[in-house]
Amino acid sequence: VLVRGCRWVAVATVATGLLLGFGALNSAAAADQPTGPADDVRLGVRLIPPFVVSEGDRLGGFSVELWNEIAREAGLRTTSISPSPDVSALIGAVEGTRVDAGIAAISITSERKRRVDFSQPMFDSGLGILTATPANSASADKSGGSLFSRVFSAVLSRDFLQLSLWILVVTLIPAHIIYFIERQRRGGMVSHSTYLHGIAESYFWSITALASQAENSPRTRVGRGVAVVWMYFSVIFIAFFTAGVTSSLTSERLLGTIAGPQDLPGNRIVTVAKSTAAAYLVDQNIDAATVTDIDAAYRELAAGRADAVVYDAPVLRYYETHRGKGHVHTVGGTFHKEGYGIALPKGSPLRQRIDVALLKLRENGTYERLVVTWFGSENS
Ligand code: GLU
């Protein structure tokens, strides 16, 4: 029994020793990891608020903070951060392995996937439309009251008042003709032969006839002939008048209201060169001016040189609720859904570790916390 007991002790001791030895080896390997060259990452970024923003001499933003969490989780060390002037230059830097990873608001597309690898999607996105909010109609632009106010302002417009005055003057012509014809006759339409009273009567007739509401009509043959011509004129006048008011209201509506992607054609659109938004617009045959960064697009909109900006919806929504608050608003929701990914050189050994870290951050709530910090709860 004693011998057998000793043997067990010996086996246990050896086993413990082995385990401890492995443990020591393992922890040595773990301690090595953050400093080994394979764990050093040269990061490429692209300024695109609020995903990558410059905060003084440092970089911040959702994507930068997410990257820092991923790096901590995966044991990676960011040795350098280099900004690219546009998203396609960033993809190029990753493809040419001038950087080991690229993060910004890079949409995963088939064309880019041919050139680089992507991590799991790190953010749900898509395209959106931003328009300027007219200075004095912050709340009324889409409400039911707007039609009323547009009709009201159309009726009070200078053109309309001028036209009305003109009509009142022209109407004096048939009034005079009828006055001179009918006052000669007993039982004629004009019962007063004095000029002022007589003209008042015939003028009332010609005005009401213009709106096809005359109660009276001339009695003489010549007078009736004039009345027929005048009524004919009134029909044409009413038709032109209705068409004029209608078209001025609809064209104002057509040009003034962009409610979604279907309203983009024919408006002055601006977008960012090399972006998926630019590719979308080309694809849809919608003419658009391009600028190199989104801030320039916001300036075009503010200066009234563009009717709408088409770009990444979360980027536009962030601008709407921050710097552009009160001056701009997004319309039409998110269309053309896209996912953002971290771009990696083809076959990068980092991909598996980044994906695991990303999933871990989603599981432990870190990802959610970042989304809420930057975008509020409606995006999470
Ligand atoms: N999500 C856009 C894209 O990947 C961003 C474009 C940009 O960074 O300007 O094309």
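Above this text is the structure in question.
Computed from a prediction, not measured in an experiment: that's the story for all the values here.

1. Topic: the overall build of the protein chain
- Looking only at helices and strands, the protein chain has 14 helices and 12 strands in total.
- In the protein chain, which comprises 380 residues, the share counted as buried stands at 39%.
- The long-range fraction of contacts in the protein chain, counting pairs at least 24 apart against all pairs at least 6 apart in sequence, stands at 71%.
- A total accessible area of about 21,600 Å² is found for the protein chain, and carbon and sulfur atoms account for 61% of it.

2. Some details on the layout of surface pockets
- For the second largest pocket, the calculated volume is near 320 Å³.
- Taken together, 16 residues make up the lining of the second largest pocket; nearest its centre are F160, L163, F241, G244 and V245.
- Where the lining of the second largest pocket is concerned, the elements lending two or more residues are helix 5 (145-155), helix 6 (158-170) and helix 9 (221-256).
- Counting residues per element, the lining of the second largest pocket draws most heavily on helix 9, which supplies eight residues.
- Of the residues in the lining of the second largest pocket, the class split is 12 nonpolar, three polar and one charged.

3. Quick notes on the nonpolar core
- One finds F62 and W67 to be the most contacted residues of the largest nonpolar core, which totals 73 residues.
- The biggest single contributor to this core is helix 2 (residues 62-74), with seven residues.
- Excluding residues within four positions of it along the chain, F62 makes contact with P50, F51, M122, F123, Y367, L370, V371, W374 and F375.
- Formed by 11 residues, the second largest nonpolar core is a distinct cluster that contains I167, W205, A209 and A227.

4. Regarding the site of the ligand
- Taken together, the neighbourhood of the ligand is formed by 13 residues, with R46, A105, R112, Y311 and D312 sitting nearest.
- Residue T276 places a main-chain N or O atom 2.8 Å away from an oxygen atom belonging to the ligand.
- Contact between the ligand and Y311: an oxygen atom at 2.5 Å from a side-chain N or O atom of the residue.
- When isolated, the ligand has an accessible area of 290 Å², and the protein chains bury 99% of it.
- Judged by the proximity of its atoms to the pocket grid, the ligand belongs to the largest cavity.

5. A look at the environment of W67
- As for its position among the elements, W67 is in helix 2.
- Residues W67 and A357, spaced 290 residues apart in sequence, show a C-alpha to C-alpha distance of 10.0 Å.
- Excluding anything up to four places from it in sequence, W67 contacts V41, L43, L76, T78, A101, I103, I342 and I354.

6. With respect to the side chain of R46
- Tracing the backbone shows R46 in the loop between strand 1 (40-45) and strand 2 (53-55).
- In this structure, R46 is buried with no salt-bridge partner, the nearest side chain bearing the opposite charge being D86 at 6.4 Å.
- Contacts of R46, omitting those with residues within four sequence positions, involve V52, S84, P85, D86, V87, L90, I103, A104, V272, T292, D293 and Y311.

What counts and how
- Residues numbered from 1 in each chain as written.
- Predicted model: local features only at pLDDT ≥ 70, side-chain atom pairs only at ≥ 80, totals over all residues.
- Heavy atoms only, no water.
- Helix = DSSP H or I, 4+ residues; strand = E, 2+ residues; numbered from the N terminus.
- Buried < 20%, exposed > 50% of the residue type's maximum accessible area, 1.4 Å probe, protein only.
- Contact = heavy atoms within 4.5 Å.
- Areas by Shrake-Rupley, 256 points an atom, 1.4 Å probe, with all protein chains shown as cover.
- 1 Å grid on protein atoms, 1.4 Å probe; cavity = no way out; pocket = protein on both sides within 12 Å on 5 of 7 lines; lining within 4 Å.
- Points joined across faces, edges and corners; volume = space filled by probe spheres on them.
- Nonpolar A, V, L, I, M, F, W, Y, C, P; charged D, E, K, R; others polar.
- Core = buried A, V, L, I, M, F, W, Y, C linked by side-chain atoms within 4.5 Å.
- Near = heavy atom within 4 Å.
- Polar contact = N/O pair within 3.5 Å; in protein donor to acceptor, adjacent residues only side chain to side chain.
- Sits in = over half its atoms within 2 Å of the grid points.
- Lys, Arg positive; Asp, Glu negative; His and termini not counted.
- Salt bridge = Lys/Arg side-chain N within 4 Å of Asp/Glu carboxyl O.

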